[in-house]
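Spelled out, the chains give:
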Amino acid sequence: MILEGKNILIMGIRNKWSIAYGAAKSAASHGARIIFTYHPTENVDKINDLMSEFKDSKGYALDVSTDEEIEKFFNTLKEDVGHIDGILHSIAHANTDDLRNDFYKTSREGFCHANDVSAYSFVAICRYAKEVMSEGGSIVTLTYHGSTKVLPGYNVMGVAKAALETSVRYLASEFGKDEIRVNAVSAGPIKTLSARGIKDFGDML
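Keep in mind that what you see is a predicted model, and the values were worked out from it rather than measured. (Residues numbered from 1 in each chain as written. Predicted model: local features only at pLDDT ≥ 70, side-chain atom pairs only at ≥ 80, totals over all residues. Heavy atoms only, no water.)

Participant: Describe the packing of helix α5 (residues 108-129) against helix α6 (residues 155-175), listing the residues and the values that go with them.
Facilitator: Where α5 meets α6, the closest approach of the two axes is 9 Å, and the angle between their N-to-C directions is 20 degrees. Comparing their axes, α6 and α5 come out roughly parallel. As for the relative orientation of α5 and α6, their crossing is right-handed in sense. Every residue of α6 that contacts α5 at G110, F111, A114, N115, S118, A119, F122, V123 and C126 is listed here: V156, M157, V159, A160, A163, L164, S167, V168, L171 and F175. (Axes fitted to C-alpha atoms, helices over the stretch in contact; angles between N-to-C directions. Helix = DSSP H or I, 4+ residues; strand = E, 2+ residues; numbered from the N terminus. Parallel < 35°, antiparallel > 145°, perpendicular 65-115°, else oblique. Left-handed = near helix turned anticlockwise from the far one by under 90°. Contact = heavy atoms within 4.5 Å.)

Below, the structure is given as structure tokens:
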């Protein structure tokens, strides 16, 4: 029960096959109270069914593509929950065409979108998270081997994960003085709904 009495924010819950769900189950089994975020386009009834498995959990719709929405969310979170002890950033997205076609065909819009949602959102979340982590804590994001090696089909997501990992190093350097750890975990290929968007994912697995 190493997380008993701790508030853990899990960002990016989608379904029972998502990494976020598995992490939430693990944290809850160690006594944590779980707070979720999900994209506004997700089925709310489905999300509520998932959250019902976690005692005293709360859920918030959040689009991380705008700073205004992130700031609004953390202000609400501070009022509703108070402090947060840990955060899992389980958010990434790239346009399907940019994962199915050759990398050199990546559009400017697709390149910006993948890096904005998958990498910059982590920077923005950390910036506002400091206000609810005054007691220190841990912030974790998810990366993958495709950030350092060419994996056919991973394409622009590999570029975004490389940016994410570099961001983690700079954030860890700056947040350490506030006793906030910042790390990235490379979980390996996992059969999630998001993974289905990657061309030839079965071969990668």
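Once the structure has been displayed, the description carries forward.
Participant: Describe in detail the sheet that holds strand β4 (residues 86-89), supporting the description with residues and values.
Facilitator: Within a sheet, neighbouring strands are paired by backbone hydrogen bonds and run either parallel or antiparallel to one another. Overall, parallel pairing links the 6 strands, which are arranged β3-β2-β1-β4-β5-β6 in an open sheet. Pairing within the sheet leaves two strands with one partner each, and these edge strands are β3 (58-61) and β6 (180-186). The mean angle between the axes of side-by-side strands here comes to 15 degrees, regardless of whether they run parallel or antiparallel. Sheet analysis places strand β5 (residues 137-143) next to β6, joined by 7 bridges and oriented parallel. Its bridge partner being in β6, L142 is matched across the sheet by V185. Relative to β4, α5 is tilted by about 165 degrees, and along the sheet it contacts β1 (7-11), β4, β5 and β6. (Pairing = 2+ DSSP bridges.)

Participant: I'd like a rundown of the pattern of salt bridges, residues and numbers included.
Facilitator: In this structure the tally under the stated criterion is 6 salt bridges. For E53, the salt bridge goes to K16, with nearest N and O atoms at 3.3 Å. A residue pair is termed long-range when its members are at least 10 positions apart, and E53 in the loop between α2 (44-51) and β3 and K16 in the loop between β1 and α1 (19-29) qualify at 37 residues. According to the relative accessible area criterion, E53 is partly exposed, its value standing at 35%. Classification of K16 by relative accessible area gives partly exposed; the value is 46%. (Salt bridge = Lys/Arg side-chain N within 4 Å of Asp/Glu carboxyl O. Buried < 20%, exposed > 50% of the residue type's maximum accessible area, 1.4 Å probe, protein only.)

Participant: Which residues make up the side chain of N115, and what values go with them?
Facilitator: Tracing the backbone through its elements, the reader meets N115 in helix α5. By relative accessible area, which is 15% here, N115 ends up buried. Not counting chain neighbours up to four residues away, the residues in contact with N115 comprise Y120, V159, A160 and A163.

No statement about biological role is implied by the geometric values presented.
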